[in-house]
Amino acid sequence: MARGREDILQEPEQAEAQPRPPAPHPAARWMAAALLLALGGAVVLYARSSTWIDRQLDSGSLINTASMYAAPETVALGQKATAAGIAAVLRRSGYSERDGNPTGRYRAGRGWIEIHPGRQSCYPGESAVIRFAGGRVAEIRAVPGGTALTSYRLEPQLISSIDGHSRDKRRLVSFDELPKALVAAVVSAEDKRFFEHRGIDPRRVLKAAWVDLKEGSKQQGASTITMQLARSLWLDRDKSWRRKAREALIALQLEQKLSKKDIFEHYANHVYLGRRGTFNIRGFGEAARVFFDREVAQLTLPQAATLAGMLQRPGYWNPLRYPERARERRNLVLSAMFENGYLDPATYRRSAASPLGVKPGDEDSTDAPYFLDLVDDELQSVARGQVEETGAERVYTTLDLRLQRAAEEAVRNGMRAVDAQLKRRRNYHPPGPQVALIALDPHTGAVKALTGGRSYAASQLNRVRARRQPGSVFKPFVYTAALNTALAGGPRLFTPSSSVIDEPTTFWFNGQPYEPANFGRSFHGSVTLRRALARSLNVATVRLAEQVGYPAVAELARSAGLGDDILPTPAVALGAYETTPLRVAAAYTVYANQGVQVEPWLVSTVQAGDGTLLYTAQPHSRRVLDPRVAYLMVDMLEEVIRSGSGAGVRARGFHAPAAGKTGTSRDGWFAGFTSNLLCVVWVGYDDNRDLNLEGARSALPIWTEFMKRAASLPGYRDPQPFAMPSGVERAIVDPTTGLLANAYCPSKEAALFISGTQPFGYCPAHHAPEPVLPFDLAAGDPAAPEPEPALEEPEQ
């Protein structure tokens, strides 16, 4: 029955009491609160992590890595070259046969190659076809249009990519450059479901956790490729659950922000694959060159499996040091590839039976590590602000890779010969003497080749900057100071034909005696300056410095860049004050460059990742000598090579116009140049012990072999005679007196003089011989003929 209004307003009847639920246990409340806090913290951490990763990716994960490029090579008509050789150069420059390559692409056939620079090329739009015949370049034509060209610039080659802070070395590659075999090998070895999961592989995580709990250890790895990338970029290698959690969180973020290809590409460029010398090998691009001496795109299936097998323990499975271990590990990777369906049975068996195919790349000649150390120093000094603020991605240098290879070969061959000589003389002290070579353009100062030691892996000390006594390579500056008197004046005017006395002498300076001696303790009496320099006579050189004034010699040496601590003492004449091979090279540019000194430099331009130009080289130069004085010195230094202490250059087969000077202190030196290349070589012990081997027997052979190799290369072949400036005159003189030669001088030579300083007198030491008559004129024989009058000196 329905209830009325009154009924509704009445108090309801007391319901039967129900039992109250039990209050939650305090521990449960704490657990719920902790769970809520953990979830909230995870959300906050995830958000913060996402923002932080965005910043990292926006700035670039490889921001500290700079790619170093050599100077561009030029292909010229008539040059020895092949299509395969130029294709190899292009691949090292980032080109490929693939359309759309941003650097450039090429197509090659038998006897031809077609080159198309891309949008990121240094020379976009400069396409060309090069044809070959008989192993030489026969034709170069622009594309399109077909315009005939005499030469063509190739893209600068990558030397190396280096992170200077951690001494990592890598060659960056894109995902499309990685061979499919390498991708399959890495996935099979490290993360077979990489292309399926979203950063974390739950099955691997559960399996690893179960094994670790069961065995009470933390040895099982559940890291996917994405997690490994996160660790290598931003985390340490601590095996803790806390680090694993952070690794997983970053991996989830990366999978949301990057494609699988991008993740794999970053991984391929970051992964650690051992050490070479003092550098860490980072990425498959560098590893392919180190272990197989080829580009990553050229890796074979077995080679790809070898590299993939190294990932977990690079040192233990290093194929250069432990080939048997590496082969066993490689075959395990091949087996995994077979099980995962990447290989058919025949391919698997054939690959597993193949040799490792290891072919280590030549570290020093291709990487020029001593050169790159100086590049890093130069970047820090000249472009520090721009590089640190923006980040350098491309550094273009002055290095000529062909000259660098020539330098390395000359050093290797020359130092073997030095070792052999020292062992015969019983003066070889392990680990043996060291060497430095620097070659530069004498007109610009651009360093073209450099090596600072026999092996960078063995010693990173760069001897190009080591301070040593230069010995006789300093002597030209004494003679230059003397020739300067023709313009600056002084108590006495000196010319190349002026005479100086070479005899045992004690020189007094500040109350102290100084007694130099000639090599072999032989002396030559009165000699011309030209002869004294050619024969490298010590006493004559010190006497000349005394007559010119020690302060004038020291000031000239400082002006040429040999160092500010050179003092005006007798010992300065013989190169007693220390300098470096780098400074000697800079100082000798005053001779090769018509009196203008240019400072050596190594960095041409620096670019940021977006192409912004951060730095452009501005070479420093200044005039030190009058070009007439410089040319007189060049002529005297040519005489050193023609008939003096540097005659070994000609004897060893280098016949191009050249000038130079040997040097022997405790070390061996040779500094010389042609019209287009200057080179300085130093050989000596690091501990400054006496080499006991003259520069003519230690440094000169290395210099000569290098210059012979250089003269066969485009840009350095066919050196020209040195150009004579106006205001210089040539005269025929008697080399013993320095005066004009008369008809009866037994020897004559051409000598150069600044106009107005040439000798005006003729040699009095030689005259017509007395006639021999068939009878006695004193007897008054009426039939005797009248004696002829004495010959007069020819008129001026």
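Here we summarise the structure given alongside this text.

The rules behind the values
Residues numbered from 1 in each chain as written. Predicted model: local features only at pLDDT ≥ 70, side-chain atom pairs only at ≥ 80, totals over all residues. Heavy atoms only, no water. Pairing = 2+ DSSP bridges. Helix = DSSP H or I, 4+ residues; strand = E, 2+ residues; numbered from the N terminus. Axes fitted to C-alpha atoms, helices over the stretch in contact; angles between N-to-C directions. Buried < 20%, exposed > 50% of the residue type's maximum accessible area, 1.4 Å probe, protein only. Contact = heavy atoms within 4.5 Å. Expected span 1.5 Å × (residues − 1). Polar contact = N/O pair within 3.5 Å; in protein donor to acceptor, adjacent residues only side chain to side chain. Salt bridge = Lys/Arg side-chain N within 4 Å of Asp/Glu carboxyl O.

Taking strand neighbours across the sheet as the criterion, the 5 strands line up as β14-β13-β25-β24-β23 in an open arrangement whose pairing is antiparallel. The sheet terminates laterally at β14 (447-451) and β23 (659-664), the two strands that pair on one side only. Between one strand axis and the next, the sheet turns by 5° as a mean value, whatever way the strands run. By the bridge criterion, 6 bridges tie β23 to strand β24 (residues 668-673) in an arrangement that is antiparallel.

For strand β25 (residues 678-684), the tally of buried residues reaches 7 of 7 residues, placing the bulk of the element in the interior. Along β25, one buried face is formed by L678, V680, W682 and G684 and the opposite face, lined by C679, V681 and V683, is buried too. In this sheet, β25 lies alongside strand β13 (residues 434-440) in antiparallel orientation, the contact comprising 7 bridges. Bridge assignment links L440 to a residue of β25, and that residue is L678.

Here F175 lies in the loop between β9 (168-170) and α4 (180-190). Between the C-alpha atom of F175 and that of F264, which follows or precedes it by 89 residues, the distance is 7.1 Å. Not counting residues within four places of it along the chain, the set of residues in contact with F175 comprises V183, K261, F264 and E265.

Attention shifts here to unusual backbone geometry. Look at the link from V143 to P144: it is a cis peptide, with omega at -5°. Here P144 lies in the loop between β6 (136-143) and β7 (151-153). Here the amide bond leading from P430 into P431 is cis, since omega sits at 5°, within 30 degrees of zero. Secondary-structure assignment places P431 in the loop between α16 (401-424) and β13.

Our next topic: helix α23 (residues 627-643). Given a rise of 1.5 Å per residue, 17 residues ought to cover 24 Å, and the 24 Å separating the end C-alpha atoms of α23 matches this to within 8%. Taking burial as the measure, the 17 residues of α23 include 13 buried ones, the bulk of the element. Where α23 begins, the capping side chain belongs to D626, and its oxygen is found 2.8 Å from the backbone nitrogen of R628.

With that settled, consider the pattern of salt bridges. Applying the stated criterion across every chain, the model contains 28 salt bridges. Ionic pairing is found between E578 and R467, a salt bridge with its closest N-O pair at 3.9 Å. Here R467 lies in the loop between β14 and α17 (475-483) and E578 lies in the loop between α21 (550-560) and α22 (581-592), a separation of 111 residues in the sequence. Among the residues examined, E578 registers a relative accessible area of 32% and is labelled partly exposed. Between E749 and R531 there is a salt bridge, with its nearest N and O atoms 3.8 Å apart. Within this pair, whereas E749 is found in strand β27 (residues 749-754), its partner R531 is found in helix α19 (residues 529-534), the two being separated by 218 residues in sequence. In this structure E749 comes out as buried when scored by relative accessible area, which is 14%. A relative accessible area of 26% means that R531 is categorised as partly exposed.

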